[in-house]
Amino acid sequence: MVPIIKKSDEKALLTLMENIPSSQRTKELGILQSELRRAKILTDKKISDKVIQLDSSFEIIDIASGKRLQFMLTFPKNANLAENKLSILSPLGVALIGFQEGQEIEWPLPAGVRKFKIEKVTQAAHVISS
């Protein structure tokens, strides 16, 4: 499966990655770069609301345990697991961006290879000023 990324997220992620000092570069950063290179990039208007994007809220199920998890995918500076805000640079954040509701993904995480089903994806309501 190829991740689907909207153009504005690609631009924001490339800027984020460029600004991370080499001393703070992680394995996940390299994986995210690889995922962006293989991703299908769509205009913001053409991407489905069912695709996990930056600022998306989503619910996933760990297939092995049946445990339901809910998160919002955010930039590292906004991440806070106590508030269910998951960093795009976390192993799970890198695994899920660009995949959509109904898909199952298998991904190596620090606790081992895990398989998740994306149950529900909702997009943040952005205020449009006129």
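Above this text you will find the structure in question.
Starting from 1, residues in each chain are numbered consecutively following that chain's sequence as written. Per-residue local features of the predicted model are confined to residues with pLDDT of at least 70, and side-chain atom pairs are confined, for both listing and counting, to 80 or more; whole-chain, interface and lining totals are unaffected and use all residues. Water and hydrogen atoms were dropped before computing side-chain values, which therefore reflect all heavy atoms in the structure.

1. So, helix α1 (residues 7-18)
Helix length check: α1 (twelve residues) gives 17 Å between terminal C-alpha atoms against 16 Å at 1.5 Å per residue, within 8%. We call two residues in contact when some of their heavy atoms are within 4.5 Å. We count a stretch as a helix when DSSP gives it H or I for four or more residues in a row; a strand needs E for two or more, and each element gets its number in order from the N terminus. The inward-facing, buried residues of α1 abut β1 (4-6), α2 (27-38) and β2 (40-42). Residue count minus one, scaled by 1.5 Å, sets the expected span of a helix.

2. Brief notes about α2
Over its twelve residues, α2 runs 17 Å from end to end, which matches the ideal 16 Å to within 8%, given 1.5 Å per residue. Exposure classes here rest on a 1.4 Å probe applied to the protein chains alone. A residue is buried below 20% of its type maximum, exposed above 50%, and partly exposed in between. Buried within α2 we find E28, L29, L32, E35 and L36. Here the buried residues of α2 occupy an arc of 120° about the axis, which is enough to place them on one side. Opposite its buried face, α2 presents the exposed residues K27 and R37, each directed more than 90 degrees away. Contact partners of the buried residues in α2: β1, α1, β2, α3 (91-96) and β6 (104-109). The reported arc concerns the directions from the helix axis to the C-beta atoms and nothing else.

3. Things to note about the pattern of salt bridges
Salt bridge, as applied in this entry: a Lys or Arg side-chain nitrogen positioned within 4 Å of an Asp or Glu carboxyl oxygen. Counted according to the given criterion, the structure contains nine salt bridges. For E59, the salt bridge is made with R68, and the minimal N-O distance between the two is 2.4 Å. With relative accessibility at 14%, the residue E59 sits in the buried group. E104 serves as the salt-bridge partner of K115, at 3.5 Å between the closest nitrogen and oxygen. Placement of K115 in strand β7 (residues 112-122) and of E104 in strand β6 is noted, with a sequence separation of eleven residues between them. Residue K115 is classed as partly exposed on the basis of its relative accessible area of 35%. A single salt-bridge network, built from bridges that share partners, covers E59, R68, K117 and E119.

4. Points about the side chain of S87
Along the chain, S87 falls in strand β5 (residues 85-87). Pairs of N or O atoms are called polar contacts if they sit within 3.5 Å, as long as, within protein, a hydrogen donor faces a hydrogen acceptor (for residues adjacent in sequence, only side-chain-to-side-chain pairs). A distance of 2.9 Å separates a polar side-chain atom of S87 from the backbone nitrogen of L89. Ignoring sequence-local partners within four residues, the contact set of S87 consists of L73, T74, P76, A79 and G93.

5. Here we look at the nonpolar core
With 31 residues, the main nonpolar core has L13, F58 and I88 as its most contacted residues. Elements with a contribution of two residues or more to this core: α1, α2, β3 (57-62), β4 (68-74), α3, β6 and β7. If you tally residues by element for this core, the top one is α3, at four residues. We define the nonpolar core as a collection of buried residues of types Ala, Val, Leu, Ile, Met, Phe, Trp, Tyr and Cys that are connected through side-chain atoms lying within 4.5 Å of one another.

6. Structural notes on the packing of aromatic side chains
Any Phe, Tyr or Trp ring, taking Trp's six-membered ring, that has another such ring centre within 6.5 Å forms a pair; planes under 30 degrees apart are called stacked, those over 60 apart edge-to-face, and the others tilted. Following the criterion strictly, the structure yields one aromatic pair and no others. On the basis of an interplanar angle of 45° and a centroid distance of 6.1 Å, the ring pair of F58 and F71 is categorised as tilted. With a gap of 13 residues between them, F58 in strand β3 and F71 in strand β4 connect regions that are remote in the sequence. Judged by its relative accessible area of 4%, F58 falls in the buried class.

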